[in-house]
Amino acid sequence: MAESYTEKFKSFISESKRVFLVTKKPSWKEYKLAAKITGIGIILIGLIGMLIHIIGTLIEGGA
């Protein structure tokens, strides 16, 4: 049993090293694009939630 945990740990470490070698730091342009997309998504989800709340309030007749 101890060997399997050791082997799993070694495998995890080697896979992690491979991922770190492939990844790179995003440029400022890529970072701004990701931030804009995330912000738009948050706003859309908020608007959808607000519309559902307004519709539910109108159906109930206030509260």
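All values derive from a computational prediction rather than experimental measurement.

**Some details on the overall build of the chain**
So, step 1. In terms of helices and strands, the chain carries two helices and zero strands.
So, step 2. For the chain, whose C-alpha radius of gyration is 23 Å, the value lies well above the compact-globule estimate of 11 Å for 63 residues.
So, step 3. In terms of overall dimensions, the chain has C-alpha extents of about 65 × 40 × 10 Å along its principal axes.
So, step 4. Counting the 63 residues in the chain, one finds 0% classified as buried.
So, step 5. Accessible surface for the chain amounts to roughly 6,300 Å². Of this, 73% is attributable to carbon and sulfur atoms.

Rules used throughout
- Numbering of residues begins from 1 in every chain and follows the order in which that chain's sequence is written.
- Two thresholds apply to this predicted model, a pLDDT of at least 70 for residue-level local features and 80 or more for giving and counting side-chain atom pairs, whereas whole-chain, interface and lining totals are computed over all residues.
- Hydrogens are left out, water is left out, and the side-chain values use all remaining heavy atoms of the structure.
- Each helix corresponds to a stretch of at least 4 residues labelled H or I by DSSP, and each strand to a stretch of at least 2 residues labelled E; elements are numbered beginning at the N terminus.
- In this treatment the radius of gyration is a C-alpha quantity, and the globule benchmark scales as 2.2 Å times the residue count to the 0.38 power.
- Burial classification: accessible surface area is computed with a 1.4 Å probe over protein chains only, and a residue below 20% of its type maximum counts as buried, one above 50% as exposed, and the rest as partly exposed.
- Accessibility throughout is a Shrake-Rupley quantity obtained with a 1.4 Å probe, and a residue counts as covered only by protein chains that appear here.

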